[in-house]
Amino acid sequence: QVQLVESGGGLVQAGGSLRLSCAASGFLFSFNVMGWYRQAPGKQRELVARFNSSGNTDYADSVKGRFTISRVNAKNTVYLQMTSLKPEDTAVYYCNGRHYRGYRWYDYWGQGTQVTVSS
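Just so you know, these numbers come straight off a predicted model, no measurement behind them.

**Comments concerning the nonpolar core**
Here comes step 1: If you look at the biggest cluster of nonpolar residues, it comprises 29 residues, and the most contacted ones within it are Leu-4, Trp-36, Leu-80, Met-82 and Tyr-93.
Here comes step 2: Sorting the residues of this core by element identifies strand E3 (18–25), strand E4 (33–39), strand E5 (46–51), strand E7 (67–72), strand E8 (77–82), strand E9 (91–101) and strand E11 (113–118) as the ones contributing at least two each.
Here comes step 3: Among residues more than four places away in sequence, those in contact with Leu-80 are Leu-18, Arg-19, Leu-20, Trp-36, Val-48, Ala-49, Phe-67, Thr-68, Ile-69 and Tyr-93.

**So, the state of the cysteines**
Here comes step 1: Using the criterion set out here, one finds one disulfide in the structure.
Here comes step 2: Across the disulfide from Cys-22 sits Cys-95; the S-S distance is 2.0 Å. Note on the Cys-22 and Cys-95 pair: the S-S dihedral is about -80 degrees, so by sign convention the disulfide is left-handed. Taken as a pair, Cys-22 in strand E3 and Cys-95 in strand E9 lie far apart in primary sequence, 73 residues in all. The exposure classification of Cys-22 matches that of Cys-95, with both residues buried.

**Notes on unusual backbone geometry**
Here comes step 1: Even without being a glycine, Ser-84 presents a positive backbone phi close to 45 degrees.
Here comes step 2: Mapped onto the secondary structure, Ser-84 falls in the loop between E8 and E9.
Here comes step 3: Judged by its relative accessible area of 39%, Ser-84 is partly exposed.
Here comes step 4: Phi at Tyr-103 takes a positive value of approximately 70 degrees, unusual for a residue other than glycine.
Here comes step 5: In this structure, Tyr-103 sits in the loop between E9 and strand E10 (104–109).

**So, the pairing of E3**
Here comes step 1: Bridge count between strand E1 (residues 3–7) and E3: five bridges; the pairing is antiparallel. Counted as the bridge partner of Glu-6 is Cys-22 from E3.
Here comes step 2: Pairing of E3 with E8, which is carried by six bridges, proceeds in the antiparallel orientation. Looking at E8, one finds that Ser-21 is bridged to Tyr-79.

**Here's the deal with a nonpolar patch on the surface**
Here comes step 1: A contiguous nonpolar patch, built from Tyr-100, Tyr-103 and Trp-105 and spanning about 400 Å² of accessible area, is present on the exposed surface.
Here comes step 2: Overall, the relative accessible area of 79% leaves Tyr-103 in the exposed class.

**What to know about the pattern of salt bridges**
Here comes step 1: Tallying each qualifying case throughout the model produces six salt bridges.
Here comes step 2: Residue Asp-58 is joined to Arg-50 by a salt bridge in which the shortest nitrogen-to-oxygen separation is 2.9 Å.
Here comes step 3: Judged by its relative accessible area of 24%, Asp-58 is partly exposed.
Here comes step 4: The salt bridge involving Asp-89 is made with Arg-66; its shortest N-O contact spans 2.8 Å. With Asp-89 in the loop between E8 and E9 and Arg-66 in the loop between strand E6 (57–59) and E7, this residue pair connects regions lying 23 residues apart in the sequence. Per residue, the accessibility class of Asp-89 equals that of Arg-66, and both read buried.

Conventions adopted
Residues numbered from 1 in each chain as written. Predicted model: local features only at pLDDT ≥ 70, side-chain atom pairs only at ≥ 80, totals over all residues. Heavy atoms only, no water. Core = buried A, V, L, I, M, F, W, Y, C linked by side-chain atoms within 4.5 Å. Buried < 20%, exposed > 50% of the residue type's maximum accessible area, 1.4 Å probe, protein only. Helix = DSSP H or I, 4+ residues; strand = E, 2+ residues; numbered from the N terminus. Contact = heavy atoms within 4.5 Å. Disulfide = S-S within 2.5 Å. Pairing = 2+ DSSP bridges. Patch = residues over 30% accessible without salt bridge, like charges linked within 9 Å, V, L, I, M, F, W, Y side chains within 5 Å. Areas by Shrake-Rupley, 256 points an atom, 1.4 Å probe, with all protein chains shown as cover. Salt bridge = Lys/Arg side-chain N within 4 Å of Asp/Glu carboxyl O.

None of this, on its own, says anything about what the molecule does.
Quick look at the structure:
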C-alpha cells in the first residue's frame, strides 16, 4: 500500500521559515512527478511546487523565490523549504506523487500538514 507521510507543519510568524518533509513508502515503482499542493479554507487545492516528469521544478508564482523543493530519490523523500512566509501561505499542505502506468496517471496523496502563518 502506497503511503505518503508529511511532517514539519506548524505555527510560525510572518517572515519565518518552515521545512516540510514527505516520505513515501509501500511501492516498487518510481513516481514520475512528485511535489506539494496546498488548500486554504474555502479555496481549491493548488500546486505549490513539484518535480515534473522531466525532472525539472515547477513553482506557483506566489511562492517563487521564497520556497524551494528538493528530494532524496534513494529515500523517496521530498522536502519543501519555505522562507519569508506570509499569512496568505496559511493552508493544509499535501504531498503528492504521480505515477504513469497503462496510459493513465495515478495520484497518491498524503494526509496533509497544517501550516499557519500569523501576522
